[in-house]
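Working through the structure, step by step
The chain contents come next:
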Amino acid sequence: SFGNFYLSGVINREYTTLIEQNHLMSRYTNALTEYGSALQQYSNMPDNSQCEEEYTKSSEELMQSVGKIYEAFPDPYVENLIYLSENLSGQGRLIMDKRKSGETQEAQQAYQDFSYMNTLLNKYTIYAQQSIERLSVQNMKEVGERQAESQRMMLIAFCSVIILLGVLAFLRIRNIVWPIVHLTEMANLVMQNIWDLPRWYGTQKDETGVLVDSFYHMVETIKKQIERLKQQQ
């Protein structure tokens, strides 16, 4: 029961982790959308410190989200996703540098390149999502296999403990029952007036051993009394 309780907790945590990992891609797409909006707003108001702060924060969230995806799913598609995200972030910084330096035409050209890269990245996320889904199914399968293997091991351990306890119980019961059976046979011989009883070779020091030894001592005492009475007669 404790093993099943511990195993269920571990499996639940693993499944919870897998479910959370499946939501990483949606968080990344949201971060990508927020980054594009923050860049557009900041490019329109390059002197606004609040817009600059929001742009910096959205850029960091974008790279953090794609980094978490790669930690959960180290796949070539996700690695390319990191590369494209870094290029997109670098293009965004180029836009702001051109905007701050007053190079309006270059900034517009850089923004067109940014829009193209952003469109390309949005299309590429479909392939990355498919790869992640494939890896998620594989991870779920591995978790299920580990769960089944753990349950088999616990079942084997449980059966082994039951067998061991059964053997120990059998040995203990035999040590108790065997002297009692022997004592019953000796008592039947005494009832038949047979006083030369077979010797007892048991070595138990428990209650049954003491009972058998006491019985033999009693029989020997009675035999001596009978012989003394015969001599007196």
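Quick look at the structure, then. This one's a predicted model, so the numbers in the text were calculated from it and none came from an experiment. (Residues numbered from 1 in each chain as written. Predicted model: local features only at pLDDT ≥ 70, side-chain atom pairs only at ≥ 80, totals over all residues. Heavy atoms only, no water.)

A separate point is the packing of helix α4 (residues 76-100) against helix α5 (residues 104-191). Where α4 meets α5, the closest approach of the two axes is 9 Å, and the angle between their N-to-C directions is 165°. Relative to α5, the element α4 is oriented roughly antiparallel. At the point where α4 passes α5, the crossing takes the left-handed sense. Its residues assigned to classes, the contact of α4 with α5 shows 18 nonpolar, nine polar and five charged. (Axes fitted to C-alpha atoms, helices over the stretch in contact; angles between N-to-C directions. Helix = DSSP H or I, 4+ residues; strand = E, 2+ residues; numbered from the N terminus. Parallel < 35°, antiparallel > 145°, perpendicular 65-115°, else oblique. Left-handed = near helix turned anticlockwise from the far one by under 90°. Nonpolar A, V, L, I, M, F, W, Y, C, P; charged D, E, K, R; others polar.)

The next point concerns the environment of Leu197. Within the secondary structure, Leu197 sits in the loop between α5 and α6 (207-232). The spacing of Leu197 and Val181 is 16 residues in sequence and 14 Å in space, taken between C-alpha atoms. Setting aside anything within four residues of it in sequence, one finds Leu197 in contact with Met186, Leu189, Val190, Phe215, Tyr216 and Val219. (Contact = heavy atoms within 4.5 Å.)

Between its first and last C-alpha, α4 extends 36 Å over 25 residues, near the 36 Å set by a 1.5 Å rise per residue. Those residues of α4 lying buried are Val78, Leu81, Ile82, Ser85, Leu88, Ser89, Gln91, Gly92, Ile95 and Met96. Tucked inside the fold, the buried residues of α4 contact α2 (24-44), α3 (49-72) and α5. Taking the backbone nitrogen of Tyr77 as reference, a side-chain oxygen 3.0 Å away marks Asp75 as the first, capping residue of α4. Gly102 sits one or two positions beyond α4 and adopts a positive phi of about 85°. (Expected span 1.5 Å × (residues − 1). Buried < 20%, exposed > 50% of the residue type's maximum accessible area, 1.4 Å probe, protein only. Polar contact = N/O pair within 3.5 Å; in protein donor to acceptor, adjacent residues only side chain to side chain.)

Before going further, it helps to spend a moment on the packing of aromatic side chains. Taken as a whole and judged by the stated rule, the model has six aromatic pairs. Consider the rings of Tyr124 and Tyr127, whose centres lie 6.4 Å apart with planes at 45°: the pair is tilted. Pair noted here: Tyr124 and Tyr127 are both in helix α5, with a separation of three residues, about one helical turn. Taken together, the ring pairs in this structure connect Tyr35, Tyr55, Tyr111 and Phe114 into an aromatic cluster. (Phe/Tyr/Trp six-rings, centres within 6.5 Å; stacked < 30°, edge-to-face > 60°.)

Here we take up the packing of α2 against α4. At their nearest, the axes of α2 and α4 sit 10 Å apart, and the two run at 10° to each other. With respect to α4, the axis of α2 lies roughly parallel. For the pair α2 and α4, the contacting residues are Met25, Tyr28, Leu32, Tyr35, Leu39, Tyr42 and Ser43 in the first and Leu81, Ser85, Leu88, Ser89, Gly92, Ile95, Met96, Arg99 and Lys100 in the second. Within the contact of α2 with α4, the residues separate by chemical class into ten nonpolar, four polar and two charged.

Okay, the nonpolar core next. Within soluble globular proteins, side chains that are nonpolar generally end up buried alongside one another. Counting residues in hydrophobic clusters, the biggest one holds 29 residues, and the most contacted among them are Met25, Tyr28, Tyr55, Ile69 and Leu81. Sorting the residues of this core by element identifies α2, α3, α4 and α5 as the ones contributing at least two each. For this core, the element with the highest residue contribution is α2, accounting for nine residues. Not counting chain neighbours up to four residues away, the residues in contact with Tyr28 comprise Leu62, Ser65, Val66, Ile69, Leu81, Ser85, Leu121 and Thr125. (Core = buried A, V, L, I, M, F, W, Y, C linked by side-chain atoms within 4.5 Å.)

Another aspect to go through is a nonpolar patch on the surface. Where nonpolar side chains cluster on the molecular surface, the patch consists of Leu155, Phe158, Val161, Ile162, Ile163, Leu164, Leu165, Val167, Leu168, Phe170 and Leu171 and spans about 1,100 Å² of accessible area. If you trace the backbone, Ile163 turns up in helix α5. Judged by relative accessible area, which is 57%, Ile163 ranks as exposed. (Patch = residues over 30% accessible without salt bridge, like charges linked within 9 Å, V, L, I, M, F, W, Y side chains within 5 Å. Areas by Shrake-Rupley, 256 points an atom, 1.4 Å probe, with all protein chains shown as cover. Salt bridge = Lys/Arg side-chain N within 4 Å of Asp/Glu carboxyl O.)

Across all of its chains, the model carries two salt bridges by this definition. Here Glu103 ties to Lys98 by a salt bridge, and the two come within 3.0 Å at their closest N and O atoms. You can call Glu103 partly exposed: its relative accessible area is 30%. The closest approach of N and O atoms between Arg152 and Glu149, which form a salt bridge, is 2.4 Å. Of this pair, Arg152 and Glu149 are both found in helix α5, three residues apart, which corresponds to roughly one turn of the helix. When its relative accessible area of 46% is taken as the criterion, Arg152 is described as partly exposed.

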